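The chain contents come next:
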Protein chains: 4
Amino acid sequence: MIQINERSMVPIYEQIVQAFKELIAKGALREGDKIPSVRELSAQLLINHNTVAKAYQELERQGVVASQRGKGAYVAKPAEEPGMERERVRQLRAELRRIAVEAHHLGIGSRQLADWFGEEIQRYGRDEHADRPQST
Amino acid sequence: MIQINERSMVPIYEQIVQAFKELIAKGALREGDKIPSVRELSAQLLINHNTVAKAYQELERQGVVASQRGKGAYVAKPAEEPGMERERVRQLRAELRRIAVEAHHLGIGSRQLADWFGEEIQRYGRDEHADRPQST
Amino acid sequence: MIQINERSMVPIYEQIVQAFKELIAKGALREGDKIPSVRELSAQLLINHNTVAKAYQELERQGVVASQRGKGAYVAKPAEEPGMERERVRQLRAELRRIAVEAHHLGIGSRQLADWFGEEIQRYGRDEHADRPQST
Amino acid sequence: MIQINERSMVPIYEQIVQAFKELIAKGALREGDKIPSVRELSAQLLINHNTVAKAYQELERQGVVASQRGKGAYVAKPAEEPGMERERVRQLRAELRRIAVEAHHLGIGSRQLADWFGEEIQRYGRDEHADRPQST
DNA sequence: GTGGTCTAGACCACT
DNA sequence: GTGGTCTAGACCACC
């Protein structure tokens, strides 16, 4: 269900956070679904349970999951009025810029880059309003 | 010329590296231009000279600038056959996915996201071949 | 395990890099083996820990070892398709020429020189393909 | 006659030293030949004359050329009893080892490496004694 | 003047 | 405990 790359530069707990957000974004996990317990997941991934716990805390902080005392954690309802928390949006745009710059120096053409992003958006993107067909 | 964010999680030397790559990508710095000396920049940014030196070494390692002993550093000629170093390209695509997922959870629509990226590409992107008109 | 020459012109961190590459080339260190921690080695060699850290970062950059946050560094799997990075190969051939010239001026005969190199190759060389007998 | 690479890591004065030693090793310059004056060469290479002067000092120190007051410098007679200055020979062998190790990590096979060195030796090597035919 | 290296000592994030 | 980053201040080689 989740793949961890021990040798990646990105911290393991972050990888876990991202993995869950990915599963949710592509619809493999839906609102109300139970996510595995800390112990279960740590056993399965062969990593320290503190690392998993840290990931879950982060997921909860971001409002992606919600723990219910003694019952485990569940995928939360997506924020009604989508946060648009300014700071994180600003950060996201900065990352878009960074990637554009990086691609430039790697010799990747604009066309190619936009296409790649298009693919990802198609899989993980959020369709704006159901009333607008053929978005993206 | 360069802005440093002391409170950012991304290390100062990385910020410097990115800033120069940005200036080059958008054409504000061109091949052969001299970049400020280590001491000059460190004085200007009010940071330690070693931090700047580390950034410059990284830029040199990436082939973005070339230093000449006792003379300073200059913007290098972009690699003729731009590596397309597989590992870094793979990483870049992973970042695109991560951003798509992130945006989903922030409630940002696909359309909006693609538009934002389009803006960045327009500023920093690399036009594929000069012989193809109206590209970008 | 590693010997540092304080008085050499070649920087300490470079000596460390070379020492590890030597240990790996001759098989004393193998894929997956743990290498000493930064602090451990710096204490043992009586040098500053930053110097060791710099060496380790260089080794990681070259893909010789891989560090894992909070766990230490390990000998990496040799690149499957060894880059044959053109620039570095070109440089290596230039060094071979330089040594031939140097030997000439030191009055070292061709035969002697080739023999010496043969010895080193035997210890540190890479056998081409296991399926080709009598290689080396 | 001499090519300088401004952007090389090896200092310019060293490049000059090596260039002369190369010319001598391959027979393009012979004992007694005059080498250009400091001013002449610095003008020709478009570099600072101090740099050329430093190179010439080094060549003289190594006994490769000999200056005659007011007349210029000439290629010296190769040391009768070839120095075999122990320290430099030791250093040369260390370089051979380093190259063997480097080649290993670059994925260069022993056979290939030995062949390359053979080529260089053929061009720049010193035949032991004229009485031994087909040496190398 | 330039960049490159090293030390000493500090703080932080990750496991 | 691990590696990663930063500062302060020093010395050196090159031009």
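Residues numbered from 1 in each chain as written. Chains lettered and ligands numbered in written order. Predicted model: local features only at pLDDT ≥ 70, side-chain atom pairs only at ≥ 80, totals over all residues. Heavy atoms only, no water.

**Notes on helix H4 (residues 86-106) of chain C**
Owing to its 3.6 residues per turn, the α-helix brings residues three or four apart onto one side. Heads up, the rule is: Helix numbers and strand numbers start at the N terminus; a helix is a DSSP run of H or I with at least 4 residues, a strand a run of E with at least 2. Given the number of residues in a helix, its expected span is that number minus one, multiplied by 1.5 Å. In this description, contact between two residues means that some pair of their heavy atoms is separated by no more than 4.5 Å.
The terminal C-alpha atoms of H4 of chain C, which comprises 21 residues, lie 30 Å apart, in line with the 30 Å expected from a rise of 1.5 Å per residue. On its buried face, H4 of chain C sits against helix H5 (110-124) of chain C together with helix H1 (12-25), helix H4 (86-106) and helix H5 (110-124) of chain D. Positioned one or two residues after H4 of chain C, Gly107 of chain C has a phi angle of 80 degrees, which is positive.

**So, the protein's contact with DNA strand E**
Applied cut-off: Consider each residue's heavy atoms; a residue with any of them within 4 Å of a molecule or strand counts as near. Counted as a polar contact is a pair of N or O atoms within 3.5 Å, where, for protein atoms, one must be capable of donating a hydrogen and the other of accepting one, and residues adjacent in sequence contribute only when both atoms are in side chains. Under this grouping Gly is polar, as are all residues other than the nonpolar Ala, Val, Leu, Ile, Met, Phe, Trp, Tyr, Cys and Pro and the charged Asp, Glu, Lys and Arg.
DNA strand E sits among 25 residues. The nearest are Arg39 of chain B together with Ile12, Asn48, Asn50 and Thr51 of chain C. The protein-proximal atoms of DNA strand E, defined as those within 4 Å of the protein, are 66% sugar or phosphate. Between Ile12 of chain A and DNA strand E, the recorded distance is 3.0 Å, taken from a backbone N or O atom to a phosphate oxygen. Residue Tyr13 of chain C places a side-chain N or O atom 3.0 Å away from a phosphate oxygen belonging to DNA strand E. Listing elements by their share of the surface near DNA strand E, those giving two or more residues are helix H1 (12-25) and helix H3 (49-61) of chain A, helix H2 (38-45) and helix H3 (49-61) of chain B together with helix H1 (12-25) and helix H3 (49-61) of chain C. Here the residues of the surface near DNA strand E sort into eight nonpolar, 11 polar and six charged.

**Some details on helix H3 (residues 49-61) of chain D**
Residues and elements named next belong to chain D. Our working rule: Only protein chains enter the accessibility calculation, which uses a 1.4 Å probe; a residue is then buried when its area is under 20% of its type maximum, exposed when over 50%, and partly exposed in between. What the arc describes is the spread of directions from the helix axis to the C-beta atoms.
Compared with an ideal rise of 1.5 Å per residue, which puts 13 residues at 18 Å, H3 spans 18 Å between its outermost C-alpha atoms and is within 8% of the ideal. What H3 keeps buried is the set Val52, Ala55, Tyr56, Glu58 and Leu59. Down the axis, H3 shows its buried residues gathered within 160 degrees of arc, on one side only. Exposed residues pointing more than 90 degrees away from the buried face of H3 are listed as Gln57 and Arg61.

**A closer look at the relation of the copies chain B and chain A**
Inclusion rule: Copy-to-copy alignment: least squares on C-alpha atoms, limited to residues at pLDDT 70 or above in both.
After a rotation of 179 degrees and a shift along the axis of 0.1 Å, chain B superposes on chain A with an RMSD of 0.4 Å. Both copies are brought into coincidence by an operation consistent with a two-fold rotation axis.

**What to know about the UniProt feature "domain: HTH gntR-type" (unreviewed entry) in chain A**
Condition: UniProt positions are given in the numbering used here, feature names are shortened, and annotations may be inferred rather than shown by experiment.
This chain's UniProt record puts "domain: HTH gntR-type" (unreviewed entry) on residues 10-78 of chain A. Spanning residues 10-78 of chain A, this segment combines 51% helix with 14% strand, and its end C-alpha atoms are found 26 Å apart.

**Overview of the protein's contact with DNA strand F**
Taken together, 24 residues surround DNA strand F, and among them Ile12, Asn48, Asn50 and Thr51 of chain B together with Arg39 of chain C come closest. The side chain of Tyr13 of chain B places a nitrogen or oxygen atom 3.0 Å from a phosphate oxygen of DNA strand F. Contact distances for DNA strand F include 2.8 Å between a base nitrogen and a side-chain N or O atom of Arg39 of chain C. Sorting the residues of the surface near DNA strand F by element identifies helix H1 (12-25) and H3 of chain B, helix H2 (38-45) and H3 of chain C together with H1 and H3 of chain D as the ones contributing at least two each.

**Here we look at the sheet that holds strand E3 (residues 72-75) of chain B**
Each strand in a sheet pairs with its neighbour through backbone hydrogen bonds, running either in the same direction (parallel) or in the opposite one (antiparallel). Residues and elements named next belong to chain B. Filter applied, for reference: Strand pairing follows a simple DSSP-based rule, namely that at least 2 bridges must link the two strands. The convention used is that axes are lines fitted to C-alpha atoms, helices contributing only their stretch in contact, and that angles between N-to-C directions extend from 0 to 180 degrees.
Taken in spatial order, the three strands make up an open sheet running E1-E3-E2, and their pairing is antiparallel. Edge positions in the open sheet fall to strand E1 (34-35) and strand E2 (65-68), since each of these has one partner strand only. As judged from the two bridges shared by E1 and E3, these two strands associate in the antiparallel manner. From the neighbouring strand, Ile35 faces E3, where its bridge partner is Ala73. Contacts from H3 reach E1 and E2 within the one sheet, and its direction differs from that of E2 by about 115 degrees.

**Re the interface of chain B and chain A**
One widely used convention gives an interface's size as the accessible area the parts lose upon coming together. Heads up, the rule is: Every case where a carboxyl oxygen of Asp or Glu lies within 4 Å of a side-chain nitrogen of Lys or Arg is listed as a salt bridge.
Of the residues lining the interface, 46 residues belong to chain B; the matching set on chain A comes to 48 residues. Remark: the boundary between chain B and chain A carries 11 salt bridges. We note a salt bridge from Arg88 of chain A to Glu102 of chain B, for which the minimum N-O separation is 3.0 Å. One can count 18 residue pairs in polar contact (both at pLDDT 80 or more) joining chain B with chain A. Counting only elements with at least two residues in the side of chain B that touches chain A, the list comes to H1, helix H4 (86-106) and helix H5 (110-124) of chain B. Tallying contributions element by element places H4 of chain B first for the side of chain B that touches chain A, with 16 residues. Looking at the side of chain B that touches chain A residue by residue, the class counts come to 20 nonpolar, 10 polar and 16 charged.

**A closer look at the environment of Ile99 of chain A**
Summarising the element assignment, Ile99 of chain A is placed in helix H4 (residues 86-106). Given the relative accessible area of 2%, Ile99 of chain A is considered buried. Through-space distance from the C-alpha of Ile99 of chain A to that of Leu113 of chain A is 9.3 Å; in sequence the pair is 14 residues apart. Apart from the residues lying within four places of it in its own chain, the contact partners of Ile99 of chain A are Leu113 of chain A together with Leu92, Glu95, Leu96, Ile99 and Phe117 of chain B.

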